[in-house]
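Here is how the chains run, residue by residue.
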Amino acid sequence: MKIAFQRRHHHPTTRWTPALLLAVFLSGLSCSGSQKAAAPRTQRESDSIVGASQLPGASVVKKATALRDSAEARRAIEDTIGTSP
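Note that the structure is a prediction, hence the values are computed from the model and not measured.

### What about the overall build of the protein chain?
Within the protein chain one finds three helices and zero strands. Put simply, the protein chain runs from its N terminus to its C terminus through helices and strands in the order α-α-α. Across the 85 residues of the protein chain, 5% fall into the buried class. Approximately 8,400 Å² of the protein chain is accessible, and the part contributed by carbon and sulfur atoms is 63%.

Structure, rendered in structure tokens:
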């Protein structure tokens, strides 16, 4: 006596469904917002980044930053001169 095996006809995507669900789940975990938001950059930090880059006009930004730094240093010296006894 022969036992006949029934073949199950599966839709081709049913084989991939668990793997697809796992991939979607893992990609969702990797994109979750678990990272802390970075503090916004100050204008000085942005200018420093642009000045150090190879963008057109970066040398002008770098010179302007240096000029601002020297003006702040001069202003700090002037402020200390006025308060000395």
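And the narrative resumes.
### Focus: the pattern of salt bridges
Scanning all chains against the criterion turns up three salt bridges. For Arg-44, the salt bridge identified is with Asp-69, shortest N-O distance 2.8 Å. Residue Arg-44 is located in helix α2 (residues 43–52), and its partner Asp-69 is located in helix α3 (residues 58–83); the two are separated by 25 residues in the primary sequence. Exposure remark for Arg-44: the relative accessible area of 41% places this residue in the partly exposed category. Note that Arg-44 and Glu-72 form a salt bridge whose closest N and O atoms lie 3.9 Å from each other. With Arg-44 in helix α2 and Glu-72 in helix α3, this residue pair connects regions lying 28 residues apart in the sequence. When its relative accessible area of 37% is taken as the criterion, Glu-72 is described as partly exposed. Three or more residues are tied together by salt bridges with common partners; here these are Arg-44, Asp-69 and Glu-72.

Reading the values: the criteria
- Residues numbered from 1 in each chain as written.
- Predicted model: local features only at pLDDT ≥ 70, side-chain atom pairs only at ≥ 80, totals over all residues.
- Heavy atoms only, no water.
- Helix = DSSP H or I, 4+ residues; strand = E, 2+ residues; numbered from the N terminus.
- Buried < 20%, exposed > 50% of the residue type's maximum accessible area, 1.4 Å probe, protein only.
- Areas by Shrake-Rupley, 256 points an atom, 1.4 Å probe, with all protein chains shown as cover.
- Salt bridge = Lys/Arg side-chain N within 4 Å of Asp/Glu carboxyl O.

Just distances and angles here, no functional claims.
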